[in-house]
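Next come the chains, spelled out residue by residue.
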Amino acid sequence: MRIGILNSGGDCPGLNAVIHGVVGAASRLGWEVIGFRDGFEGLLPPGDYMVLDPSRTVGIMKLGGTILGTTNKGHFVAKIGEGGVAEVPQEIVEKAKTTLRHLEIGALIVVGGDGSLTTGLQLYNQGVPVIGVPKTIDNDLQATAMTFGFDSAYATVVDALDRLHTTAESHKRAIVLEVMGRHAGWIALYGGMAGGADVILLPEIPFNMNKVAEAIKQRDAQGRHSTLVVVAEGAHWETGEIVTKEKVGSKGEDRLGGIGDRVAVAIQELTGKETRACTLGHLQRGGAPTALDRILGLRFGVKAVQLISEGKFGQMVSYQQYHVGSVPIEDAVMKLRLVTPDSEIVAAARGVGVCFGD
Ligand code: F6P
């Protein structure tokens, strides 16, 4: 049997561990693995791919990025069609099917987030034997308690906060750290909590700038003259809009960025406190995966091969309660897993005095 694998969307620490897991497990079954380059683009005829065998994937687990390359734009970005549903144009899907047929691919593993898995589902609904593997640093996919990449991403936030603490304290400043998280604030929440942030601003909890300023003034009054604020790129004022760098960027959606600077200016205006802003950006996506993400990626890859061997197509690998199982791909897409404002974890943060600006 010959199987294919592709990763699509933004890169994510742990992708190479998935590839390592797939190739290792497949080779034990005597299967050949074809790795398509640059996401779904590699499926365009005649196919852009590399043959993956264990000699090619040895040692890649510890590497960030993906040896296959990826893209979050191109021909396979879903567009709203006549029925109001976001889909990849049918002529592009046909091209992908032609390549898969021509290369005699018996199953295709799609490693991706919400958008890429939706494309995977579209292929599956048209007869392609697809297995999904969840991938996103944002940790916002439904039907899996965790995705690889998240642990590495928020570890970077914690490291940044550890550094910002010392300079903020030395100068008695407020420092605002902008982190990734378009719709979901998991990176800001986990990173902020573990890094000891005093204010955490999330897309799920619209904030009031006066309340943020009040919290900072109170800290000053108590002799705590530095404040660290973590803000997710998708967070916004109660009355404000999401701040963008580029309206409708190259991948068809607005490119976010700039809320950190806005919040810093507002803090300085409202509190009189010297304030600086810092954007972590793609440092959160690059670099070596943590040990946890390596293990998770590896387990996801091995599980994907097992699902193929059991003929469980249309399923996505899923992590639930320390166990790697599977769920239908359709359970994971179309709706994101967001931070619940009245959840235990938010309450825990409030319990140690974190201000959410609400
Ligand atoms: O993977 C999602 C994400 O990390 C978002 O949090 C962020 O908005 C986006 O990727 C940035 O992606 P890029 O710069 O590659 O377009």
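About the cut-offs
Residues numbered from 1 in each chain as written. Predicted model: local features only at pLDDT ≥ 70, side-chain atom pairs only at ≥ 80, totals over all residues. Heavy atoms only, no water. Helix = DSSP H or I, 4+ residues; strand = E, 2+ residues; numbered from the N terminus. Rg over C-alpha atoms; globule rule 2.2 N^0.38 Å. Buried < 20%, exposed > 50% of the residue type's maximum accessible area, 1.4 Å probe, protein only. Contact = heavy atoms within 4.5 Å. Areas by Shrake-Rupley, 256 points an atom, 1.4 Å probe, with all protein chains shown as cover. Lys, Arg positive; Asp, Glu negative; His and termini not counted. Charge placed at Lys NZ, Arg CZ, Asp CG, Glu CD. Axes fitted to C-alpha atoms, helices over the stretch in contact; angles between N-to-C directions. Left-handed = near helix turned anticlockwise from the far one by under 90°. Nonpolar A, V, L, I, M, F, W, Y, C, P; charged D, E, K, R; others polar. Near = heavy atom within 4 Å. Polar contact = N/O pair within 3.5 Å; in protein donor to acceptor, adjacent residues only side chain to side chain. Pairing = 2+ DSSP bridges. Right-handed = clockwise from strand over helix to strand, strands pointing away. Core = buried A, V, L, I, M, F, W, Y, C linked by side-chain atoms within 4.5 Å. Domains from an automatic or database assignment. Parallel < 35°, antiparallel > 145°, perpendicular 65-115°, else oblique.

(A) Highlighting the overall build of the chain. In terms of regular secondary structure, the chain is built from 11 helices and 15 strands. Rg of the C-alpha trace for the chain: 22 Å, near the compact-globule value of 21 Å for 358 residues, within the 12% margin. The C-alpha extent of the chain, read off along each of the three principal axes, is 70 × 45 × 30 Å. Classification of the 358 residues of the chain by burial places 54% in the buried group. Restricting the contact set of the chain to residue pairs at least 6 apart, pairs at least 24 apart contribute 73%. Accessible area of the chain: about 15,200 Å², with a carbon and sulfur share of 51%. Charge centroids of the chain, computed over 34 positive and 39 negative side chains, lie 4 Å from each other.

(B) Structural view of the packing of helix 6 (residues 186-194) against helix 11 (residues 344-351). At a closest axis distance of 11 Å, the pairing of helix 6 and helix 11 adopts a crossing angle of 35°. The interaxial crossing formed by helix 6 with helix 11 has left-handed handedness. The residues of helix 11 that touch helix 6, namely those facing L189, Y190 and M193, are I345, V346, A348 and A349. A class-by-class count of the residues in the contact of helix 6 with helix 11 yields 7 nonpolar, no polar and no charged.

(C) Up close: the site of the ligand. Of all residues adjacent to the ligand, which total 10 residues, the nearest are N72, D138, E233, H282 and R285. Take G181: an N or O atom from its main chain is 3.3 Å from an oxygen atom of the ligand. Contact between the ligand and R285: an oxygen atom at 2.9 Å from a side-chain N or O atom of the residue. Bound to the protein, the ligand loses 80% of the 400 Å² it would expose on its own. Broken down by class, the residue content of the shell around the ligand amounts to 2 nonpolar, 3 polar and 5 charged.

(D) Layout of the pairing of strand 1 (residues 2-7). Across the 6 residues that make up strand 1, a large majority, 5, are buried. Here strand 1 pairs with strand 2 (residues 32-36) via 4 bridges, running parallel. Paired with R2 across the strands is E32, a residue of strand 2. Crossover strand 1 to strand 2 through helix 1 (residues 15-28) is right-handed. Note: strand 1 against strand 6 (residues 107-112), 5 bridges, orientation parallel. Among the inter-strand pairings, L6 is bridged to a residue of strand 6, identified as V110.

(E) Quick look at the environment of L15. By the element assignment, L15 lies in helix 1. In this structure L15 comes out as buried when scored by relative accessible area, which is 2%. Separated by 120 residues in the primary sequence, L15 and K135 have C-alpha atoms spaced 8.0 Å apart. Apart from residues no more than four positions distant in its own chain, L15 is found in contact with N7, G65, T66, V111, K135 and F148.

(F) Structural view of unusual backbone geometry. A cis amide bond, omega 10°, links P45 with the succeeding residue P46. With respect to the element layout, P46 can be found in the loop between strand 2 and strand 3 (49-52). The residue D38 is not glycine, and still its phi comes out positive at about 55°. For D38, the location among the structural elements is in the loop between strand 2 and strand 3. Of note in the backbone geometry, M334 takes a positive phi value of approximately 80° without being a glycine. Residue M334 is classed as exposed on the basis of its relative accessible area of 59%.

(G) The nonpolar core, seen in detail. One finds I3, I5, I109, V133, F148, I187 and F356 to be the most contacted residues of the largest nonpolar core, which totals 65 residues. The dominant element in this core, judged by the number of residues it contributes, is helix 5 (residues 150-171), at 9 residues. In this structure, this core is formed jointly by two domains, domain 1 (2-148 + 289-332) and domain 2 (154-285), each of which donates at least three residues. Residues within four places of V133 in sequence aside, it is in contact with V18, I109, V110, V111, G112, L117, F148, F300, A304, M316 and V317. Among the nonpolar cores identified, the runner-up in size contains 28 residues, and F36, V110, L141 and M316 belong to it.

(H) Examining the side chain of S226 more closely. Note that S226 resides in the loop between helix 7 (209-221) and strand 10 (227-232). A residue is classified by how much of its surface remains accessible, and S226, at 13% relative accessible area, is buried. Look past the residues within four positions of S226 in its chain and what remains in contact with it is A168, E169, R173, D198 and R219.

(I) The arrangement of the environment of T279 in detail. Along the chain, the position of T279 falls in strand 13 (residues 275-279). Residues T279 and V176 lie 103 residues apart in sequence; the distance between their C-alpha atoms is 8.3 Å.

(J) Looking closely at the packing of helix 5 against helix 6. The interhelical angle for the contact between helix 5 and helix 6, taken along N-to-C directions, is 45°, at an axis separation of 8 Å. Viewed along their axes, helix 5 and helix 6 adopt a mutual orientation that is oblique. Once helix 5 is placed against helix 6, the crossing between them reads as right-handed. Where helix 5 abuts helix 6, its residues F150, A153, Y154, V157, V158 and L161 lie against W186, I187, Y190, G191, G192 and A194. When its residues are assigned to classes, the contact of helix 5 with helix 6 shows 10 nonpolar, 2 polar and no charged.

By themselves, these figures tell us nothing about what the structure is for.
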